Amino acid sequence: MENTEKKTNFITNAIDHDIANKVYKNDRVHTRFPPEPNGYLHIGHAKASLLNYRIAQEYNGKFNLRFDDTNPIKEDMEYVKSIKEDLTWLGIDWEDRLFFASSYFEKMADYAVELIKKGLAFVDDLTADEMREYRGNLNEPGKESPYRSRNIQENLDLFLQMKAGKLPEGSRVLRAKIDMTSPNMNMRDPTIYRILHTKHHATDAEWFIFPMYDYAHPIEDAIEGITHSLCTLEFEDHRPFYDWVLSNLDNFQEEAPRQIEFAKLNLTNTIVGKRYLKQLVDEQIVDGWDDPRLATLSGLRRRGYTPEAIQAFCEAIGTAKTNSTVDIAMLEHFIRDDLKFKAPRLMVVLDPLKITITNYPEEQIEWVDLPLNQEDPEIGEYSTPFSREIFVERSDFLETPPKKFYRLFPGNEVRLRGAYFVTCNEVIKDADGKIIELKCTYDPATRSGSGFAERKVKGTIHWVDANLSKKVEIHLYDHLIVDDDGLTKDNFLDRINPNSLKIIEAYAEPEVMKAKAFDKFQFIRNGFFSVDSKYSTLEAPVFNQIVSLKSSWKPGK
RNA sequence: AGGGGUAUGGCCAAGUUGGUAAGGCACAAGAUUUUGAUUCUUGCAUGCGUAGGUUCGAGUCCUGCUACCCCUGCCA
């Protein structure tokens, strides 16, 4: 099953084209992932970082991790740490190429001086409000700032004063001198430096001016020798300025990086986007950035997702320029697909109904052997206790079953997985009519593995010993957003599913108690579960439901 | 005097120089099954936003429409 076809997309096509035209020496390809350290990474960042990383791998190129830390007001070292952890977990290796935009601040300031000397940048005294007025709007051209004609020497003096911290915050900016009548708003003399008297988290030197993204990014890319600078669609309009910066700086006349834009990832039934994620965290609607309901990488990890599943998902969704929303069922498919062979399969009863096996000797306990995963004998076996009193899933019994119901009902015989056939004889109810117990009989001849073949049974159900099973806490999840028809950035808080988390107490066979944080299991017929890293202890385990199992059972079909 | 993008089945998405619509998810049917899971088999676009045109032949070329997304931070 070898897939010799490499997955192509418009970006690999562009790179192939550049290689064919010898745009970069030695067919080199160099990409980068440039997160701003102002929040945690989410599944959309997984798509972007993996895209850059994979392309570097496929073309025998290099990949850099670069923190785009040009705004000290929003950024923090806490995020640098989490981002590195998440990327490492995802399987991304930047080797020794970890960079910070802030380490290029001195060079960037020098390049700004170069632009000033070339008459391509000027210091503007307009206030932010005035600048907005002068900018014009989508339908009307802007007006040139009265300070635009300042002479080069004055611009230089002023810029150096800004840099030295001698001018108050917000009092002036450095702007590129391009064209106030451009239909592209980004070319109407964009700001390239602002004065900020905020301590930067990563620089030793004291800085009072900070470069804007549009100015800094092309320089960062060029300094690092990036060939293909991949970013999201909203930066398409910024590309002319990206190219303007590089084409006007003497150092970057050869092998300038090329910006290529692709569509962001959107997922149904959830919200992706740092700003919205932050809101959910800040307003404590969720339990932190790593809440298992969030599509953050730390949340997915805590939930029990594996890097392999996320990698496979990101490859499957492809890369294009079409705005799209991927069905979350696709993500769920890939975690099932990854875990089905490698996760041990154990029995846990989520909603217990007691069964007394009336013809089974009192006090007797026998241990039955089961494979940890019958698809892969290598994973091994374990034993589980069986006795006169067991729990089965309440939903596996129906007093009046619909057609084709293969589970328990009065008079019906089913297999207890790994143990015996049992037949339901009697239903015990409490005063309110609620079923509280079933009386069954078992057939000793039907023990699993005995080779019994006289009768067949349609259904096999899971169970645990009533006395030897352990109580465990289980967190069941539903999609964070159930109905995303008409979902917008403004109404998403109203769409949060109030039942996205349900905490229940379940009964687990003893083997389950060996689990450690992040261990993953299939709880037979119930889904995949992972040990919660935040609340679980050895004495009181807590499991997160990663995803349910698929089911084609529909009553009445 | 607006500009920049995108339109291929329910959801993603391939479609090199025009040659007769990959694949995945979802869904449906059947087989196997000590998980109604897995696995296996089968089905699922006379049509590529729309109307014309060029051509022996158009998702691919041309023209005109339409819909949706992005842009008026001293955010990234």
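Residues numbered from 1 in each chain as written. Chains lettered and ligands numbered in written order. Predicted model: local features only at pLDDT ≥ 70, side-chain atom pairs only at ≥ 80, totals over all residues. Heavy atoms only, no water.

In the annotation of an unreviewed UniProt entry, the entry for chain A reads Glutamine--tRNA ligase, and the organism field reads Acetobacterium bakii. Heading Sequence similarities (unreviewed entry) of the UniProt record for chain A holds this comment: "Belongs to the class-I aminoacyl-tRNA synthetase family." Under the UniProt heading Catalytic activity (unreviewed entry), the entry covering chain A gives this text: "tRNA(Gln) + L-glutamine + ATP = L-glutaminyl-tRNA(Gln) + AMP + diphosphate". (UniProt positions renumbered as here; feature names shortened; annotations may be inferred.)

A. Expanded view of the sheet that holds strand β26 (residues 527-531). Here 7 strands make up an open sheet; going across it, the order is β12-β25-β26-β27-β23-β24-β13 and the pairing mixed. The open sheet has two free edges, formed respectively by β12 (345-346) and β13 (348-349), since each of these has just one partner strand. For strand β23 (residues 470-477) and strand β24 (residues 501-508), the ladder comprises 8 bridges, and the chain directions are antiparallel. Paired with Glu473 across the two strands is Glu505, which belongs to β24. Those strands touched by helix α12 (residues 328-342) are β12, β25 (520-523), β26 and β27 (542-547), and its axis lies near 115° from that of β27. (Pairing = 2+ DSSP bridges. Helix = DSSP H or I, 4+ residues; strand = E, 2+ residues; numbered from the N terminus. Contact = heavy atoms within 4.5 Å. Axes fitted to C-alpha atoms, helices over the stretch in contact; angles between N-to-C directions.)

B. Seen up close, the packing of aromatic side chains. What the rule picks out here adds up to 25 aromatic pairs. Seen in terms of ring centroids, Tyr420 and Tyr442 are 4.8 Å apart; in terms of plane orientation they differ by 80°. Their pairing is edge-to-face. Pair noted here: Tyr420 is in the loop between β18 (413-416) and β19 (421-429) and Tyr442 is in strand β20 (residues 435-443), with a separation of 22 residues, a long-range link. Accessibility classification places Tyr420 together with Tyr442 in one group, the buried group. Relative to Phe523, the ring of Phe521 has its centre 6.2 Å away and its plane inclined at 20°; by these criteria the two rings are stacked. Counting every residue linked through ring pairs, the aromatic cluster contains Tyr360, Phe386, Tyr420, Tyr442 and Trp463. Residue placement shows Arg301 over the ring face of Trp89; its charged tip is 5.2 Å from the ring centre. (Phe/Tyr/Trp six-rings, centres within 6.5 Å; stacked < 30°, edge-to-face > 60°. Buried < 20%, exposed > 50% of the residue type's maximum accessible area, 1.4 Å probe, protein only. Lys NZ or Arg CZ within 6 Å of the ring centre and 35° of its normal.)

C. The arrangement of the UniProt feature "domain: tRNA synthetases class I (E and Q) anti-codon binding" (unreviewed entry) in chain A in detail. The feature "domain: tRNA synthetases class I (E and Q) anti-codon binding" (unreviewed entry), as annotated in UniProt, sits at residues 460-532 in this numbering. Between the C-alpha atoms that bound residues 460-532 the distance is 29 Å, and the span itself is 0% helix and 41% strand.

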